[in-house]
Every structure is written in structure tokens, then in C-alpha cells.
Amino acid sequence: MQNYFILIVVLPLIGFLINSLLGKKLNSEKLSGWLSSLLVFVPFLIGVYSLFELLKLPPESRTIVYKYFSWISAGSFNLDYSFVLDPLSLVMILVVTGIGFLIHVYSIGYMHGDKGYASFFAYMNLFIFAMLHLVLADNFLLIFLGWEGVGLCSYLLIGFWYEKKFTGEAAKKAFVVNRIGDFGFMIAMFLIFANFGNLNISTFAGSIAGFSVNSPLLVAIALLFFLGATGKSAQIPLFVWLPDAMAGPTPVSALIHAATMVTAGIYLIARTSLLYALAPIAGNVILIIGIATAIMSATIALKQNDIKKILAYSTISQLGFLFIAIGTQSYVAAVFHLVTHAFFKALMFLGSGSVIHGMHEEQDIRRMGGLKSKMKITYITFLMGAIAISGIPPFSGFFSKDEILYKTFTNAGILPYLLVLITAAFTAFYMFRLVGITFFGKPRYDSHVHPHESPSTMTVPLMILAVLSVFGGFIGLPHIFGYNILEHWLEPVFANSYSVIQTWRPESVHAVSTEIILIVVSVVVAATSIFISFRRYSKQESFEEVRGFGKILENKYYLDEVYDKTVVEPIFKTSDGFLWKIFDVKIIDGIVNGVATFTSRISFDWKKLQTGVIQDYGTFAVAGVIIIILYFLFV
Amino acid sequence: MEFNLNLFLVLSAVLFSIGVVGVLVRRNAIVIFMCIELMLNAINLSLVSFSSFLGNESGQIFVFFVLTVAAAEAAVGLAIVISLFRNKETLDIDKINILKW
């Protein structure tokens, strides 16, 4: 098993190498696209096979560590290049490679005719390669390697159409904002190394097990990791890059900026769940930030008109839900919603890509309308995704979102629960606004635009994802309905964390009546929201200028402008006015030039020793010899 | 007659000093060149003297090396002198002082 498991990362790497080095020479869209799809599909099969291998083992021993070689070895410090296969990383592998494969296939159709076809697939394969490192790594440094790798691919793919100015700027923004998060990640790693002398995750978990709850060191590490997570997973205050990242090709938005990379922060916290179990303060911070992010971006999404921007803010909001789950120490709920969200959000992004494709690169929903008869498959699958995210039973989003709502209610209290519930209502509202405006009503596009259904390479992944979005929720049924597969599957991973949590929070009594009431409430809220939204927007004909609070929402609370004024401009001004024109020119250059001037002044007199007459040099040499001889003779 | 090392060494030192002074004070490149040869031979003399005094032949072997090198150096040196004269039409080294700041 050990020997072939490495293929899971080697194959995407091969795809990257072939497409980047030979892609131009091969010059065959079919070959590039299908090859790299295949090289993601085989890792998916390896993941499925590993699933059965793990199922053969008893639940407690379902952790396999594959050590390939010693990576860094210096004194007592030792890091291996090794992968850990356990229920948690397996879930991630299946999501990354499974959805990754579908999106690769989709891209074959979507990117048709693009001049950077081969390099697009090269970057996509490189992304899968890096993402698998992130989820499989058994030490923080290797996770960080994957973390930076996916960041790089994200940068490359956001700026894929680099001829347009704003894509380059969006890519740069994503990269720079993520650096701030990486700073937190690195400081956390340094703290771990300084205090425990090791970066291995399981060793780290072993050495913090004896710490008391909320000890300052652990809270600091937890918060710093969370800072890293806010960067990658687009939470307040570092979420600003994700909406701009929609400048990239739509499959990229689906794969990287909805389904996989942005969940890296969640995965990191789930992986180090024991740390967060021991640091409830950090959990509270995460909860607050999660709620704030979810509600803020859900409200922004209410008034956006770019189809991808709506989905982007929806993603941020759903990531906020994931952090709410993490903040209430419900790791299973977080992983569950991560998986279902990957299904339906990838589906909706791909659906929006199909719409954009069919509308000839039109993204403004105000200039669409009535597409449901023109693009049947896209419409139906998109609708499935929208129902799933709104939380209507028995679609997948219902189960996962409901679990988060339930955990928020029992672990955090009534106020957070209400906020999350309101956010869920907003979610249903903006989603059906999107569906209503885009697919219903009368066509509002120019007469020369003829929307058409996309090719089958694009619609088949849509259909598969639609099926997953509808039925994916059955892996995590609530207790009242039956057996929760996912919870039992992940139990060994989080067992230690949950036993720690029980020391400071007594296990809440599982009240079936509460659960039923909450389910009914959330379904009623979602359905009402859908009803109001759909009735209002499916017939909307004209779009007036929004005023008042809506204007603020349309402009995203002016947050980009605020960041510009408070962060970007001061940095720019200090760099320009002080660091460059004073510090660099006057002080740094001053020192360098001063040394040079000083030297040349002094040498002005002394250079005359060099007469060019060889006999003078000889005289100096002889005089020196005589002095040395005299020294030895008389001293 | 008994072998008197001191006499030989004094002769060697005198020859060497003449060579040094010649190199330092003379102006003609060929004379300077000859003075260098004189210094080399003064050293050869002391090497041979010590070799004879100590009954160790390695000093004499060394002299052969010095002679060889001196021959090679003479060839190169004379070539330099000739090309110098062709360029500058003079061998007065006070006038050949272009290699400076």
C-alpha cells in the first residue's frame, strides 16, 4: 500500500510537468484536458481504495502514516516527508480529487479555444498536487508548503487572463492579503517549534494534552493559526480578496475559491482540533468572527448584480458558517458542511460558468432573464444547488446547515443562534433572487445574443454535482432521522478533542424535541424567505438605482474604500514620502555615497605613492626588507 | 687551503647589494636587467657555498633550477625590453611611468 499511495501526489505533478513543458508542443486541447483530468481521476480512485483499506481496520486504528523520506534533519530536530491517512484527510482527499476531477472535465469545455489552454490545466494539476500535500501532511511545515502552493496556484489562476488589468490586480490583491494570514501561520509554527521543539502534528497534540484549558501559549497559537485561516478562508478582516478573485476563469472560482482551497483554514483547525478544544477563548473569537463574516457577506450578496460576485459573497458567508461550527467546537458539523458546500457551491459556480458561457461572457444578471427555457440542464442543476444551499429538506445543505444551527443553539446560546438563522434566511433570499432574475422573467439581453446550452463536457459534471448536492446530505443525518455516517466515521479523529471539551463544558442533554423544533423553524424560515424572494424577483422587469441602505450593500459597505484609506494609502504614502524619498535616498544612499566620497577624498593624497616608476616600488620593497632585518637584529 | 664560508658569504652579500643598488638607481632598462641577474647569481653563490659547507648537494641542485628560471626570465625580460623600445624609442625607465593612477 505504501508504494503506490505516493502516486496520489505524483500523478498530478506529472500532469503539471507534461502540460507546462510540452503543452505548447503537443498543441492538442483534447490531449491536455483529458490527460490532466485523468491524472486527477486516478488519485480519486486511490482515495476510494484507501477508503476500503481504512474500513477494514478497527475504528481506533484508522490512522496510517506513510513515511517517504527524512526531509529536514538537524540535530534533535527531525522532519519527515510523510503523509497521514486518517478519516479526516480521506474525506478531504475525496472532496479535492472528486470535485477536482469533475471541474477538470468541465474546464475541457469551458476553456475551449483559450490560447493558454495547456497552462491552465498545468496550473490546475499543480493546484491538486499542492492541495493534497496540504491535506495529507503530517507536520506543520509540509502543510505550510501545500498552503503556499495552493496560494501560488490561486494567484496564477486568478490572473490567468493577465491581459486585462483588473485580473492582474485581483491576483496581486489575493496574494498580498494571503501573506498577512501566512504571517500568522508562520508565527504559530515558530511558537510551536520554540516551545515544543517539533513540528509534527501528532507529537504536538501529544505534548499539549497535559496543558490546562486556556493557557496563554495555546490560546496564542490557536489565534495565530486562526489568523492564517482568515486569510485563506476569507474571513473578516482578510476576506476582501475573494470577491475580486472572481476575475479568474469560472472553473477556478469553483475549484479553488469555493470548494477546496478556501476550506484549507477549516481543515487546519479541524486537524489541530485538540488545540482549539483546549483554547475555548480562541473558539469564542472564531465564533464571533464567523457570525460577523456570515451576516455581513450575506447582506452584501443581497444587492450584488454580478452573478459570480453573488456566489463569491455567498461563499464567504458559508465559510463563516463553517467557522461558526468550528467556534462552537462542532468539528464534525464543520467538516460535514464543508463537504456539502463543496458539492452545491461548485455546482452553482459551474452553473454560473455555463450561463456566462452561453451568454457570451455576460456576467450581469440584470441583462439576463428567462434563461430557463434556453438552458434547461443548467437551470435545473443550478436550481438544485440553490435549494440545497437554502436548506430545504432533504437536500444536502439542509442537513449540514441544520446541524450547525443546532450546535450553535446548544453550545453558544440563543443570540448567536438567531443571528445564524437570520443569515440562513438571507442566504435563501439572495439565492432565489439570483435564480429569479437570471432564469425567470422576460429576456433582457440584446437581440443578437443567443443563449445556448453548453457542451456535454460541461453539463455532465453539472448533473453529477447536482445529484451529490441533492443526496450528499445523507452521509450526516441528524440523530432523530437515523444513523450519522460521517460522525461515526470521524469519531476517532476528534475523540480526544471531545473528551477535553467535556471537561469544561458538560455534555448537553440531547433533547429530541429541541432538535425537531429547530428543524421546523429553520425550514419555515428558509421556505418563507424563498417564497418572498422568488415572488418578487422572478417577475422583475426594470432595475432602478438602489438607494439608502441598499446602496451601501451594493458597494459592499464601502469596505474596499475603507481599507484603501486606512491601510493601503497610509502604506503607500509612507513608502513614497518617507521610505523612498527620505529613508532610501537620504539615509541608505547617503551612507553608501558617503563612504565612497570619504574614500576618494583620502585616496586623493595617498594615490600619489603610485608613481608608475618601477624603481620607486623597488625602493619601498627594499626599505621594507631592511626594516624587517633590522627588527630581527636589534629588537 | 681551508674552506672559509664567511668569505664566500661576504662576497655573495656584496654582489647582491651591488645588484640591489643597481636596480634601484640605474635608469637604463638593460642595466637594471643585468643587475637582477647579478642578484640571482649572488644567491647562487651562497647556495653553492652552503652546499659545500654542509656537504649536502641539494643546494647545488637548487642552483640549476635558479639558472633555468633565470634563463627563462632573461628571454622574457629581453623580449619586454625590445618591445618597450619599439613603442617608446627609449629605455629610460623614468620615462616609462604610464602604469599609475
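Because the structure is predicted, anything quoted here is derived from the model rather than measured. (Residues numbered from 1 in each chain as written. Chains lettered and ligands numbered in written order. Predicted model: local features only at pLDDT ≥ 70, side-chain atom pairs only at ≥ 80, totals over all residues.)

**Remarks on the overall build of chain B**
Thought 1: From N to C terminus, chain B includes three helices and zero strands.
Thought 2: In sequence order, chain B lays out its α and β elements as α-α-α.
Thought 3: A compact globule built from 101 residues would reach a C-alpha radius of gyration of about 13 Å, whereas chain B, at 17 Å, exceeds it by more than 25%.
Thought 4: Once the C-alpha set of chain B is aligned to its principal axes, its extents read approximately 55 × 25 × 25 Å.
Thought 5: Counting every position in chain B, which comprises 101 residues, the buried fraction comes to 11%.
Thought 6: For chain B, contacts bridging at least 24 residues in sequence account for 49% of all contacts bridging at least 6. (Helix = DSSP H or I, 4+ residues; strand = E, 2+ residues; numbered from the N terminus. Rg over C-alpha atoms; globule rule 2.2 N^0.38 Å. Buried ≥ 20, exposed ≤ 12 C-beta atoms within 10 Å, placed from the backbone. Contact = placed C-beta atoms within 7 Å.)

**As for the overall build of chain A**
Thought 1: Scanning chain A for helices and strands turns up 25 helices and two strands.
Thought 2: Each principal axis of the C-alpha distribution contributes one length, and for chain A these read about 110 × 65 × 50 Å.
Thought 3: For chain A, buried positions account for 50% of its 635 residues.
Thought 4: For chain A, long-range pairs separated by at least 24 residues make up 82% of all intrachain contacts whose partners lie at least 6 apart in sequence.

**Thoughts on the environment of Arg444 of chain A**
All names here are of chain A.
Thought 1: Topologically, Arg444 is positioned in the loop between α19 (414-439) and α20 (456-471).
Thought 2: Sequence separation between Arg444 and Asn214 is 230 residues, and the spatial gap between their C-alpha atoms is 57 Å.
Thought 3: Once residues within four sequence positions are removed from consideration, Arg444 is found in contact with Arg366, Arg367, Met368 and Gly369.

**Quick word on the pairing of strand β1 (residues 64-74) of chain A**
Residues and elements named next belong to chain A.
Thought 1: As judged from the nine bridges shared by β1 and strand β2 (residues 77-85), these two strands associate in the antiparallel manner. Within the sheet, the bridge partner assigned to Ser73 lies in β2 and is Asn78.
Thought 2: Counting the residues that bridge the hairpin from β1 to β2 gives two residues, and of these Gly75 lies at a positive phi of roughly 60°. (Pairing = 2+ DSSP bridges.)

**Section: the nonpolar core**
Thought 1: Counting 203 residues, the largest nonpolar core has Val335 and Ala346 of chain A as its most contacted members.
Thought 2: With residues near it in sequence (within four places) discarded, Ala346 of chain A still touches Ile99, Ile103, Ala254, Ala258, Ala259 and Leu465 of chain A.
Thought 3: Among the nonpolar cores identified, the runner-up in size contains five residues, and Val20, Ala29, Ile32 and Phe33 of chain B belong to it. (Core = buried A, V, L, I, M, F, W, Y, C linked by C-beta atoms within 7 Å.)

**Thoughts on helix α8 (residues 201-208) of chain A**
Thought 1: The complete set of buried residues in α8 of chain A reads Ile201, Phe204 and Ile208 of chain A. One face of α8 of chain A carries all of its buried residues, which in axial projection span an arc of 60°. (Arc of directions from axis to C-beta.)

**A look at the packing of helix α16 (residues 331-358) of chain A against helix α18 (residues 396-412) of chain A**
Residue and element names in this part refer to chain A.
Thought 1: Closest axis-to-axis distance for the α16/α18 pair is 9 Å, and the angle between their directions is 150°. As judged from the angle between their axes, α16 and α18 are roughly antiparallel. Once α16 is placed against α18, the crossing between them reads as left-handed. Contact with α16, carried on its side by Ala333, Phe336, His337, Thr340, Phe343 and Phe344, involves Ser396, Gly397, Ser400, Lys401, Glu403, Ile404 and Lys407 of α18 and no other residues of that element.
Thought 2: Split into classes, the residues belonging to the contact of α16 with α18 amount to five nonpolar, five polar and three charged. (Axes fitted to C-alpha atoms, helices over the stretch in contact; angles between N-to-C directions. Parallel < 35°, antiparallel > 145°, perpendicular 65-115°, else oblique. Left-handed = near helix turned anticlockwise from the far one by under 90°. Nonpolar A, V, L, I, M, F, W, Y, C, P; charged D, E, K, R; others polar.)

**A word on the packing of α18 of chain A against helix α22 (residues 512-537) of chain A**
Residues and elements named next belong to chain A.
Thought 1: Contact pair α18 / α22: the axes reach a minimum separation of 10 Å and the direction vectors enclose 125°. Considering their axes alone, α18 and α22 lie oblique with respect to each other. Judged by the sense of rotation from one axis to the other, the crossing of α18 with α22 is right-handed. The residues of α22 that touch α18, namely those facing Asp402, Leu405, Tyr406 and Phe409, are Glu515, Leu518, Ile519 and Ser522.
Thought 2: Here the residues of the contact of α18 with α22 are counted per class, giving five nonpolar, one polar and two charged.

**Brief notes about unusual backbone geometry**
Residues and elements named next belong to chain A.
Thought 1: Here the residue pair Ile236 and Pro237 is connected by a cis peptide bond, since its omega of 5° sits within 30 degrees of zero.
Thought 2: Along the polypeptide, Pro237 turns up in the loop between α9 (216-232) and α10 (241-244).
Thought 3: The peptide bond linking Pro393 to Pro394 adopts the cis configuration, its omega dihedral lying at 0°.
Thought 4: Along the chain, the position of Pro394 falls in the loop between α17 (376-390) and α18.
Thought 5: Notably, Glu361 is not glycine yet its phi reads approximately 65°, a positive angle.
Thought 6: With respect to the helices and strands, the residue Glu361 is situated in the loop between α16 and α17.

**What to know about the confidence of the model for chain B**
Thought 1: On average, residues of chain B carry a pLDDT of 90, and 97% of them reach 70 or more.
Thought 2: Scoring the predicted complex yields pTM 0.81 and, for the interface, ipTM 0.78. (pLDDT = per-residue confidence, 0-100.)

**Overview of α16 of chain A**
Thought 1: With 28 residues, α16 of chain A extends 40 Å between its outermost C-alpha atoms, agreeing within 8% with the 40 Å of an ideal straight helix rising 1.5 Å per residue.
Thought 2: Of all 28 residues that make up α16 of chain A, 27 are buried, and the element is covered over most of its length. (Expected span 1.5 Å × (residues − 1).)

**Notes on the interface of chain B and chain A**
Thought 1: Taken together, the contact between chain B and chain A spans ten residues of the former and ten residues of the latter.
Thought 2: Its residues placed into classes, the side of chain B that touches chain A shows seven nonpolar, one polar and two charged.

**Brief notes about the environment of Gly473 of chain A**
Thought 1: With respect to the helices and strands, Gly473 of chain A occurs in the loop between α20 and α21 (485-504).
Thought 2: Apart from the residues lying within four places of it in its own chain, the contact partners of Gly473 of chain A are Thr340, Pro394, Phe395, Ser396, Phe398, Phe399 and Ser400 of chain A.

**Focus on the environment of Leu311 of chain A**
Thought 1: Of note, Leu311 of chain A is situated in helix α15 (residues 307-327).
Thought 2: A sequence separation of 125 residues divides Leu311 of chain A from Gly436 of chain A, and the C-alpha atoms of the two residues are 15 Å apart.

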